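# Working through the structure, step by step
The primary structure of each chain is shown beneath.
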Amino acid sequence: FVGGGRFTLSRSLVTDNTAQGDGGGGLLLNRAGDDTDAPEPRATVVDSTFFENSVSGEDAEGGAMLNLVGSLTVRQSTIVGNSSESDSDGIAAHGNPEEDPEATEPPPLRETVLLSSIIYNNRSDDEDDSATDLAVIGEDVPGAEEGDDPVPLLSSFVSLGWNIYGAFEPRFEGAAEDLGNVDP
């Protein structure tokens with residue numbers, strides 16, 4: 001759990017962990033308590049492997065990692081074989097709302113950066129076709145006027161290229177150098 005400040009995980013194996021509640025079987029970024037003045041968490045994962053981590057519970061997301069608030073960078077790492085009871089078995093990141101020009105304060109910015117990593121085959125079981133290796137989560141923002149359709153959250157994933165990933169949800173846009181929906 002990273003609740004504020006900076007955290008770096010380098011050349012590590014994170015395996016066989018189980019989480020409940022929000023999720024994040026191997027790593028969870030969120031605010032510590034209700035202190036909105038606390039610094040947002042920033043985590044960097046480099047040259048590491050997340051393998052066979054899981055989350056349980058109806059609303060639990062991110063079998064390997066969950067970014068609810070803050071900045072997560074994953075570089076040259078392997079995320080494989082993780083699972084959740086939801087459809088976000090690999091890395092789950094809360095989406096960002098569209099900017100509102102009339103808002104007095106900017107919305108919280110969440111960012112999950114991927115570079116030269118393999119995120120593949122994260123699923124509860126081999127029959128689970130709805131599982132995703134990369135998932136944008138969170139409820140859509142209510143419409144501006146009563147009766148308006150909700151505004152979907154924008155993806156908070158940023159690909160800097162050279163990633164290999166399996167299943168991902170439609171809001172994720174990879175870089176031209178990425179290979180998506182492939183078996184490494």
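Description of the structure in this document. (Residues numbered from 1 in each chain as written. Predicted model: local features only at pLDDT ≥ 70, side-chain atom pairs only at ≥ 80, totals over all residues. Heavy atoms only, no water.)

Turning to the overall build of the protein chain, a few remarks are in order. From N to C terminus, the protein chain includes zero helices and 18 strands. Each of the 184 residues in the protein chain was classed as buried or not, and the buried ones make up 43%. Taking the contacts inside the protein chain whose residues are at least 6 apart along the sequence as the reference set, 75% of them involve residues at least 24 apart. Carbon and sulfur atoms make up 45% of the accessible area of the protein chain, which amounts to about 9,800 Å² in all. (Helix = DSSP H or I, 4+ residues; strand = E, 2+ residues; numbered from the N terminus. Buried < 20%, exposed > 50% of the residue type's maximum accessible area, 1.4 Å probe, protein only. Contact = heavy atoms within 4.5 Å. Areas by Shrake-Rupley, 256 points an atom, 1.4 Å probe, with all protein chains shown as cover.)

On to the sheet that holds strand S3 (residues 18-19), then. Here three strands make up an open sheet; going across it, the order is S3-S7-S11 and the pairing parallel. Among the strands making up the open sheet, the edge pair consists of S3 and strand S11 (83-84). Alignment of strand S7 (residues 54-55) against S11, held across two bridges, turns out to be parallel. Note that in S11 the partner of Ser-54 across the bridge is Ser-83. (Pairing = 2+ DSSP bridges.)

On to the sheet that holds strand S10 (residues 78-80), then. If you walk across this open sheet you meet the six strands as S2-S6-S10-S14-S17-S18, and the pairing is parallel. One side of each edge strand has no neighbouring strand; the edge strands of this open sheet are strand S2 (13-15) and strand S18 (179-180). Examined bridge by bridge, strand S14 (residues 118-120) and strand S17 (residues 164-165) share two bridges and lie parallel to one another. By the bridge assignment for S17, Ile-119 is matched with Tyr-165.

Turning to unusual backbone geometry, a few remarks are in order. The phi angle of most residues is negative, glycine excepted, and most peptide bonds adopt the trans form. A positive phi angle, near 60 degrees, is found at Asp-16, a position not held by glycine. Counting through the fold element by element, Asp-16 comes out in the loop between S2 and S3.

A full pass over the atoms with the stated rule returns four aromatic pairs. Consider the rings of Tyr-165 and Phe-172, whose centres lie 5.0 Å apart with planes at 90 degrees: the pair is edge-to-face. Each member of the pair Tyr-165 and Phe-172 is classed as buried. Among the aromatic residues, those joined into a ring-pair cluster are Phe-157, Tyr-165, Phe-168 and Phe-172. (Phe/Tyr/Trp six-rings, centres within 6.5 Å; stacked < 30°, edge-to-face > 60°.)

Its location among the elements puts Ser-54 in strand S7. Polar side-chain contacts of Ser-54 include one of 3.5 Å to the side chain of Thr-18. Ser-54 has contacts with Asn-17, Thr-18, Ala-19, Gly-25, Gly-63 and Ser-83, leaving out every residue within four places of it along the chain. (Polar contact = N/O pair within 3.5 Å; in protein donor to acceptor, adjacent residues only side chain to side chain.)

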